[in-house]
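Observations on the three-dimensional arrangement
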Amino acid sequence: MEKDVEQLYLDYSDRVYHFIFLLVRHKETAEDLTQETFYKAIKSLIHFNKQASVLTWLLKIARNVTYDHFRRRKIIQFFKWGNENDIDHQSSSPENAAQTNEALQELHTALNRLKKDYRDVLILRKVNECSIKETAYILGWTEAKVKTKMSRGIEALRKEIYGKEGFNNESIK
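Not measured: the values here are computed from a predicted model.

**Looking at helix α2 (residues 27–43)**
Taking 1.5 Å of rise per residue, the 17 residues of α2 would be expected to cover 24 Å, and the 24 Å separating its terminal C-alpha atoms lies within 8% of that figure. Of the positions making up α2, those classed as buried are T29, A30, L33, T34, T37, F38 and A41. Taken around the axis of α2, the buried residues stretch over an arc of 170°, which confines them to a single face. Turned more than 90 degrees from where α2 packs its buried face, D32, Y39 and K43 sit exposed.

Have a look at this one:
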């Protein structure tokens, strides 16, 4: 059992951490919430009925843990972007890094202005690459609602960033 738990953590901790980090934008908080997610998952592992994949189940727990954190702290704004050290630059030149940082800031600012439902579905579907079924399970929605919110979320995001310099409107699909 201990080996299974360790393997669970090794297999999924990076994906869970990145999901949480996109919501909280603070390294230490994301690390703490990742640990809490796995603690809760291990406690409830016996109740996991394999209705969804392990990753989907973990992301649902991570979402709930993160929202509990926000409720405890009464944090309303989900994307608080810190300094540029929070964003990992792997560009080949300073100019590329600056452009990447600017584009990411633009995208995150636009995401921040969206409704919570739109943000959630866009992050799960486009960033974490969850299927419609997995996203529905994580959010507790029907698949039809995921499709509708996804479509509306993409349109709202397009409206937020349309016409901004340095951002390709066609890249949002």
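**Points about the packing of α2 against helix α3 (residues 54–73)**
It is at 9 Å that the axes of α2 and α3 come closest, and there the two elements cross at 125°. As judged from the angle between their axes, α2 and α3 are oblique. Of the two elements, α2 crosses α3, and the hand of that crossing is right-handed. Between α2 and α3, the residues in contact are T29, L33, E36, T37, F38, K40 and A41 and W57, L58, I61, A62, V65, T66, D68, H69 and R72, respectively. A per-class count over the contact of α2 with α3 returns 8 nonpolar, 4 polar and 4 charged.

**Comments concerning the packing of aromatic side chains**
What the rule picks out here adds up to 4 aromatic pairs. Note on Y17 and F21: the rings are 5.9 Å apart at their centroids and 25° apart in plane angle, and the pair reads as stacked. Of this pair, Y17 and F21 are both found in helix α1 (residues 2–24), 4 residues apart, which corresponds to roughly one turn of the helix. Look at F21 and you get buried, because its relative accessible area is 11%. Relative to F70, the ring of Y67 lies with its centre 6.4 Å away and its plane at 40°, an arrangement referred to as tilted.

**Some thoughts on the side chain of T135**
Of note, T135 is situated in helix α6 (residues 132–139). Each residue touching T135, except ones within four places of it in the same chain, is listed here: V121, L124, R125, C130 and V146.

**Let's talk about the nonpolar core**
In terms of nonpolar packing, the biggest core is built from 41 residues, with V16, F19, I20, L58, L59, L114 and L122 touching the most fellow members. When residues of this core are traced back to their parent elements, those giving at least two are α1, α2, α3, α4 (94–113), α5 (116–127), α6 and α7 (143–161).

**With respect to the confidence of the model for the chain**
Residues with a pLDDT of 70 or more make up 75% of the chain, whose mean pLDDT is 79. Segment residues 75–92: pLDDT under 50, and 37 contacts once partners within four positions in sequence are set aside and those in other chains are kept.

**Examining the environment of T34**
As for its placement among the helices and strands, T34 is situated in helix α2. On the basis of relative accessibility, which here comes to 3%, the residue T34 falls in the buried class. Contact partners of T34, with chain neighbours within four places excluded, come to S13, V16, Y17 and I20.

**Thoughts on the pattern of salt bridges**
The tally for this structure, following the rule as stated, stands at 6 salt bridges. Across the pair E31 and K27 runs a salt bridge whose closest N-O atoms are separated by 2.8 Å. In this pair, E31 and K27 are both assigned in helix α2, 4 residues apart and thus about one turn of the helix distant. Given a relative accessible area of 44%, K27 falls into the partly exposed group. A salt bridge links D120 to K116, with the nearest nitrogen and oxygen atoms 3.5 Å apart. You can see D120 and its partner K116 sitting in helix α5, 4 residues apart, about one turn around the helix.

What counts and what doesn't
- Residues numbered from 1 in each chain as written.
- Predicted model: local features only at pLDDT ≥ 70, side-chain atom pairs only at ≥ 80, totals over all residues.
- Heavy atoms only, no water.
- Helix = DSSP H or I, 4+ residues; strand = E, 2+ residues; numbered from the N terminus.
- Expected span 1.5 Å × (residues − 1).
- Buried < 20%, exposed > 50% of the residue type's maximum accessible area, 1.4 Å probe, protein only.
- Arc of directions from axis to C-beta.
- Axes fitted to C-alpha atoms, helices over the stretch in contact; angles between N-to-C directions.
- Parallel < 35°, antiparallel > 145°, perpendicular 65-115°, else oblique.
- Left-handed = near helix turned anticlockwise from the far one by under 90°.
- Contact = heavy atoms within 4.5 Å.
- Nonpolar A, V, L, I, M, F, W, Y, C, P; charged D, E, K, R; others polar.
- Phe/Tyr/Trp six-rings, centres within 6.5 Å; stacked < 30°, edge-to-face > 60°.
- Core = buried A, V, L, I, M, F, W, Y, C linked by side-chain atoms within 4.5 Å.
- pLDDT = per-residue confidence, 0-100.
- Salt bridge = Lys/Arg side-chain N within 4 Å of Asp/Glu carboxyl O.

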